[in-house]
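Secondary and tertiary structure notes
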Amino acid sequence: MATADRINDSLSQFIVNLKYEDIPQEVVFHLKNVLLDAYGCGLFGSTTPWMKIYRDVLLERTDRQEASIWGTSQKTSVTAAMMLNGAAINSFELDDTHTDGIIHVATGVLGCITAFAETLGNVSGKDFLTSAVLAFEVACRIAAPIGTELAHQGFNNTGSCCPFGSAAGVGKMLGLSKEQMVHAMGITGNWSSGLQAVQFASMAKRIVPSKSSEGAILGGLLAKEGFTGIEDVFENKFGGFYNCFTDDVYDIERTAGELGSRWELLGIGLKFYSTCRSKHTTIDALRKFRADHPEIKPEDIKKIRVGTTSITHKYSVPADEITSVVSAQLSHPYVCAVTFLEGNAFVEQFTEEKIQDPKILDLARKVEVYTNPDIENLPRELRYTITVEIDLNNGQTFHLKNEYPKGHPLNPFSKEELLWKFNSLAGRVFEDEERRKKIADTVLNLEEVENIRHLTALLRRDT
C-alpha cells in the first residue's frame, strides 16, 4: 500500500470488495470459535442484575420489535438490541481480547452486526460471516498499533476503536459503494468514545464498549442516502481519530497494509477466567504452582510479588479498594488470593459474598503488583508476560514466569474447552442440552445457514 493513500480509502475499498470465497478457512474457523464464545458470554450476561436494569430502562423507550434480546423472549429496536446484547457479552469479564489492541472485539461489534442482520431479514450465514470478518478485522486493525498508547491516555479502547469495525460490517450488509463506505466510516468516527476510569468500580463498565457502535448503524444508513462524513477521519491533524486519541501515534501499514493477506483478527484470544485479561497469565501460573505444591498452604505465604507492564499495573485495584464485583475482577491481589485459595477465578469466584470474605482479602493484602521494566520493554505481543515471586514464612522463595495465558492464540482452547465454557455460560439460560447443541452447531456451521434469523431465534427464549 502506498503511504500516500488514506487509511479510510484503503479500508473502504477492502470492505466493499471482499467476498466470502476470499477469506482463508483458517480465518473463518477462528472467527466462528470467537463468535460461539461471545454468544455464550452474552447469554450468561443477560442473567446479571445490571443487565436487567439496562434492559428495563431501554425497553421503556421504544416499542419497536426489530431484533432479539438474547436470553429473553423479547425483541426491541435494532439500536436497543445492539446495545443490550453487546453489553451482555461484556457483562462479566468473560469476553475475547485482541492482545495488541487491548479491545474486547465481540462486545464492540457482534451485538451491532447481529441485531442489524436480523433487522434486515435477508442476510445469509455466508453473508453474515463475511460482514463479521470485516467487522472484527477492521476493529483490530484500527486498535492494533495504538492499544497501549490509547489506554495510557485514558480512553476506553473498545469503545473508541470498535465503532469502525461495526461500520464495516453494517456497510457490507447494506451493499455500500466504496465512496459511501468512506463516508460511513467518517460519520461513525464521531461516536468513538469511552473513559478508562469506568473500568474499576461501576456498572457502567459493562455497557460502555457496545454503546459507541450505535453510530455505525446511523453512519451506514446516512451514507447510503448520500450523507457525507470525515473522509480523512484517521489522519486528519486537527481532530482526526489518531490525532485525538494518541497525539498522532499510528502505523499506516499495520492498519491498512496487506489487506486480505494478513489477518489481524487471528490475534484475538478467548478468556478462560472471569477477570480482566491482563490477570490471566498470573492465574495460570498460580494454578500450576498450586498443583505442583499442594503442601503449601495460604498461611505459609508471607508475600506475593507480581511484575507486569505499566498498563497492567494501572489496571489493578488494591485489596483495600475492592468495593464491587467489577473492582474485584480488576484486582490483581484479589485474583491471586482467590486463585490460590480456590484453584480458579471463574464465575463462582466473583460474588458479593466472596469479595467480602476476610480469608480472601487477608491473603490479597499480601500481594504486591509492580511495573517490571524488563517486561515493559518487551514487544507489544508479549504484554501479558508476568513474573511472580512467592515468599514463604520459612524463608523459601519461588520464582514463576508466564507469557501466554490460556485462550491466547498461541495457547488456544481445545474444542472441548470451548464447548465447556459455552455450555457453562449458556446453561444459565438454556438448561436444555439439545438447545445449546443447536446453537453451537449453528454457529460452527454458519456458512450453511440460509438466514441469520435462524440463529437469533435460537438465542431468544421461547417464553
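Heads up: the structure comes first, above all this text.
A brief structural summary. Fair warning: this is a prediction, and the values are worked out from it, not measured in the lab.

Moving on: the overall build of the protein. Counting its secondary structure elements, the protein contains 22 helices and eight strands. Taken over C-alpha atoms, the radius of gyration comes to 22 Å for the protein, in line with the 23 Å a tight globule of 463 residues would show. With respect to the principal axes defined by its C-alpha atoms, the protein has extents near 70 × 55 × 40 Å. Here the protein, with 463 residues, has 61% of them falling under the buried criterion. Nonlocal contacts in the protein, meaning residues at least 24 apart in sequence, comprise 77% of its contacts between residues at least 6 apart. Accessible surface for the protein amounts to roughly 17400 Å². Of this, 51% is attributable to carbon and sulfur atoms. When the 48 basic and 61 acidic side-chain charges of the protein are each reduced to a single mean position, those positions are 3 Å apart.

Throughout the structure, instances matching the rule amount to zero disulfides. No disulfide involves C41; its sulfur sits 14 Å from that of C276, the nearest cysteine. Classification of C41 by relative accessible area gives buried; the value is 2%. C161 provides the cysteine sulfur closest to C244, a residue in no disulfide bond, and the two sulfurs are 13 Å apart. Residue classification places C244 among the partly exposed residues on the basis of a relative accessible area of 42%.

The next subject is the sheet that holds strand β7 (residues 386-392). Reading across the sheet, the four strands line up as β6-β5-β7-β8 and stay open at both edges, with mixed pairing between neighbours. The two strands at the open ends of the sheet, each matched to only one other strand, are β6 (367-371) and β8 (397-402). Between one strand axis and the next, the sheet turns through 15° on average, direction left out of account. Looking at chain direction, strand β5 (residues 301-308) and β6 are connected through five bridges and run parallel. Within the sheet, the bridge partner assigned to V306 lies in β6 and is V369.

In this section: helix α5 (residues 105-120). In a regular helix each residue adds 1.5 Å, so 16 residues correspond to 22 Å; α5 covers 22 Å between its end C-alpha atoms and thus fits that length. The element α5 is extensively covered by neighbouring structure, given that 14 of its 16 residues are classed as buried.

So, on to the packing of aromatic side chains. Evaluation of the coordinates by the stated rule reveals 19 aromatic pairs. Taken together, a centroid distance of 5.2 Å and an interplanar angle of 40° make the contact between F346 and W420 tilted. Of this pair, F346 sits in the loop between α17 (332-342) and α18 (358-364) while W420 sits in helix α20 (residues 415-426), and the two are 74 residues apart along the sequence. For W420, a relative accessible area of 40% translates into the label partly exposed. Clustering of aromatic rings is evident, with ring pairs tying together F155, F164, F234, F241, Y242, F245 and Y250. The ring of Y384 carries R277 above its face, with NZ or CZ at 5.7 Å from the centroid. Taking the ring centre of Y370 as reference, the NZ or CZ of R305 above it sits at 4.2 Å.

Right, let's get into the side chain of T308. Topologically, T308 is positioned in strand β5. Those residues within four positions of T308 in sequence are excluded, and the remaining contacts are H313, H332, V369, Y370, T371, N372, I375, T385 and I386.

Our focus in this paragraph is the packing of α5 against helix α6 (residues 125-143). With their axes 10 Å apart at the nearest point, α5 and α6 run at an angle of 150° to one another. One way to sum up the angle between α5 and α6 is to call them roughly antiparallel. The handedness of the crossing between α5 and α6 comes out as right-handed. On the side of α5, the interface is formed by V105, A106, V109, L110, I113, T114 and A117, while α6 contributes F128, A132, A135, F136, A139 and C140. Of the residues that constitute the contact of α5 with α6, the class distribution is twelve nonpolar, one polar and no charged.

Across the interface, helix α1 (residues 7-17) lies against α6 with an axial gap of 11 Å and an inter-helix angle of 165°. It follows from the interaxial angle that α1 and α6 lie roughly antiparallel. Considering only the axes of α1 and α6, their crossing is right-handed. Mapping the contact onto sequence places L11, F14 and I15 in α1 and L134, V138, R141 and I142 in α6.

With that settled, the discussion passes to the nonpolar core. Note that soluble globular proteins tend to have their nonpolar side chains buried in a common cluster. Counting 149 residues, the largest nonpolar core has L110, F128, F136, F234 and I390 as the members making the most contacts within it. A total of twelve residues in this core trace back to one element, the largest contributor, which is α6. Not counting the four nearest positions on each side in its chain, F234 is found in contact with I7, N8, L11, I142, F164, M185, G240, F241, Y242 and N243.

Next up on the list: helix α9 (residues 178-188). With eight of eleven residues buried, α9 is to be regarded as a mostly interior element. Turning to α9, its buried residues number three or more, namely M181, V182, H183, A184, M185, G186, I187 and T188. The inward-facing, buried residues of α9 contact α1, α6, α8 (157-174) and α11 (214-224).

A few words now on a nonpolar patch on the surface. Residues I53, V57 and M203 make up a contiguous nonpolar surface patch of roughly 260 Å² in combined accessible area. Tracing the backbone shows M203 in the loop between α9 and α10 (204-211). Under the relative-accessibility criterion, M203 is labelled partly exposed at 46%.

About the criteria used
- Residues numbered from 1 in each chain as written.
- Predicted model: local features only at pLDDT ≥ 70, side-chain atom pairs only at ≥ 80, totals over all residues.
- Heavy atoms only, no water.
- Helix = DSSP H or I, 4+ residues; strand = E, 2+ residues; numbered from the N terminus.
- Rg over C-alpha atoms; globule rule 2.2 N^0.38 Å.
- Buried < 20%, exposed > 50% of the residue type's maximum accessible area, 1.4 Å probe, protein only.
- Contact = heavy atoms within 4.5 Å.
- Areas by Shrake-Rupley, 256 points an atom, 1.4 Å probe, with all protein chains shown as cover.
- Lys, Arg positive; Asp, Glu negative; His and termini not counted.
- Charge placed at Lys NZ, Arg CZ, Asp CG, Glu CD.
- Disulfide = S-S within 2.5 Å.
- Pairing = 2+ DSSP bridges.
- Axes fitted to C-alpha atoms, helices over the stretch in contact; angles between N-to-C directions.
- Expected span 1.5 Å × (residues − 1).
- Phe/Tyr/Trp six-rings, centres within 6.5 Å; stacked < 30°, edge-to-face > 60°.
- Lys NZ or Arg CZ within 6 Å of the ring centre and 35° of its normal.
- Parallel < 35°, antiparallel > 145°, perpendicular 65-115°, else oblique.
- Left-handed = near helix turned anticlockwise from the far one by under 90°.
- Nonpolar A, V, L, I, M, F, W, Y, C, P; charged D, E, K, R; others polar.
- Core = buried A, V, L, I, M, F, W, Y, C linked by side-chain atoms within 4.5 Å.
- Patch = residues over 30% accessible without salt bridge, like charges linked within 9 Å, V, L, I, M, F, W, Y side chains within 5 Å.
- Salt bridge = Lys/Arg side-chain N within 4 Å of Asp/Glu carboxyl O.

Worth remembering: the numbers are spatial, not functional.
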